[in-house]
Amino acid sequence: MTFYRRRLPHLYVADQPVFVTWRLYGSLPLGRVFPNSEISSGRAFAALDRLLDEGCVGPLQLSQPAIADMVVEVLHYMADAQRRYTLHAVVVMPNHVHVLLSPRVPLPQLTRALKGYSAKRANQILALTGNPFWQEESYDHLVRNVAEGERIRRYIEQNPVRAGLVREASEYRWSSAGWPTRRSAPLFSNLVIKLSY
């Protein structure tokens, strides 16, 4: 198990599922933080995710089909061709991305590659080369057991429904729920992680 810290704490285990979220640069109101004593990290994440789903502030470049398609393509390329992780579930929302994956390389290296390559391609498409595309840091959560993994998969795939973008999760083009062949990997076999803090 590896632990590292930037602004947020990060914990991951090679080949164990992790829920990762990253968002577009400037996609949340400035200064939107929750004091540690007021709210748990899980509730803070859910509140911020609701703000992202409302999409009232900031850029929405991922709502452009060419950009969303490219992000999905990059996610599959790094999973299938480069074999950097096993992809279990994904959704590309108008201003953020949720993935459930099992990394085969260190998580910081993985997120840096995913975000760096997709940002470069997006900025080329948008003719914004040199501008920040993704927010620097990502949110991640190590999956503790199979039940939690299934709950997270549903959370990811139902995100477009909760945001009012579609009525059925399978209707959303940029989600593993909508892929007819369900290209995402089956969720974990025999996953049990015991954490000691």
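These notes cover the structure that comes with them. (Residues numbered from 1 in each chain as written. Predicted model: local features only at pLDDT ≥ 70, side-chain atom pairs only at ≥ 80, totals over all residues. Heavy atoms only, no water.)

Things to note about the packing of helix H2 (residues 65–81) against helix H3 (residues 107–126)
Then, number 1: In contact at an axis separation of 10 Å, H2 and H3 are set at 150 degrees when each is read in the N-to-C sense. If you check the angle between H2 and H3, you find them roughly antiparallel. Every pair of crossing elements has a handedness; the one defined by H2 and H3 is right-handed. Along its contact with H2, which presents Ala66, Ile67, Met70, Glu73, Val74, Leu75 and Met78, the element H3 presents Ala113, Leu114, Tyr117, Ser118, Arg121, Ala122, Ile125 and Leu126. (Axes fitted to C-alpha atoms, helices over the stretch in contact; angles between N-to-C directions. Helix = DSSP H or I, 4+ residues; strand = E, 2+ residues; numbered from the N terminus. Parallel < 35°, antiparallel > 145°, perpendicular 65-115°, else oblique. Left-handed = near helix turned anticlockwise from the far one by under 90°. Contact = heavy atoms within 4.5 Å.)

A closer look at the sheet that holds strand S5 (residues 96–103)
Then, number 1: With antiparallel pairing, four strands are arranged side by side in an open sheet as S4-S5-S3-S6. The sheet terminates laterally at strand S4 (85–92) and strand S6 (139–142), the two strands that pair on one side only. Recorded for the sheet is a direction-independent mean angle of 15 degrees between the axes of neighbouring strands.
Then, number 2: Alignment of S4 against S5, held across seven bridges, turns out to be antiparallel. Residue Ala89 lies in a different strand from S5, and its bridge partner there is Leu100.
Then, number 3: Against the sheet, H2 touches strand S3 (18–23), S4 and S5, its axis set at about 170 degrees to S4.
Then, number 4: Set on the sheet, helix H4 (residues 146–162) makes contact with S3, S4, S5 and S6; between it and S5 the angle comes to about 150 degrees. (Pairing = 2+ DSSP bridges.)

Observations regarding the environment of Ala113
Then, number 1: Tracing the sequence through the fold places Ala113 in helix H3.
Then, number 2: Along the chain, Ala113 and Met78 lie 35 residues apart, while their C-alpha atoms are 8.9 Å from each other.
Then, number 3: If we ignore the near neighbours within four places in the chain, the residues touching Ala113 are Met78 and Arg84.

What about the nonpolar core?
Then, number 1: Of all hydrophobic cores here, the largest spans 42 residues; its most connected members are Leu62, Leu75, Tyr85, Val97, Val99, Phe133 and Trp134.
Then, number 2: Contributions of two or more residues to this core are made by S3, H2, S4, S5, H3 and H4.
Then, number 3: Sequence-distant contacts of Leu75, that is, excluding residues within four places in its chain, are made with Trp22, Tyr85, Val90, Val97, Val99 and Leu114. (Core = buried A, V, L, I, M, F, W, Y, C linked by side-chain atoms within 4.5 Å. Buried < 20%, exposed > 50% of the residue type's maximum accessible area, 1.4 Å probe, protein only.)

Things to note about unusual backbone geometry
Then, number 1: A positive phi angle is found at Arg83, which is not glycine, with a value near 55 degrees.
Then, number 2: Within the secondary structure, Arg83 is located in the loop between H2 and S4.
Then, number 3: On the basis of relative accessible area, Arg83 is assigned to the exposed category, the value being 51%.
Then, number 4: Positive phi, close to 60 degrees, is recorded for Ala127, a residue that is not glycine.
Then, number 5: Considering the arrangement of structural elements, one finds Ala127 in the loop between H3 and S6.
Then, number 6: Residue Ala127 is classed as exposed on the basis of its relative accessible area of 68%.

Here we look at the packing of aromatic side chains
Then, number 1: Following the criterion strictly, the structure yields five aromatic pairs and no others.
Then, number 2: Between Trp22 and Trp134, the ring centres sit 5.9 Å apart and the planes meet at 80 degrees, which makes this aromatic pair edge-to-face. Of this pair, Trp22 sits in strand S3 while Trp134 sits in the loop between H3 and S6, and the two are 112 residues apart along the sequence. Here Trp22 matches Trp134 in class, with each residue buried.
Then, number 3: The structure contains a cluster of three or more aromatic residues connected by ring pairs, namely Phe19, Tyr139 and Tyr155.
Then, number 4: Here the basic side chain of Arg162 rests over the ring of Tyr155, its NZ or CZ set 4.1 Å away from the ring centre. (Phe/Tyr/Trp six-rings, centres within 6.5 Å; stacked < 30°, edge-to-face > 60°. Lys NZ or Arg CZ within 6 Å of the ring centre and 35° of its normal.)

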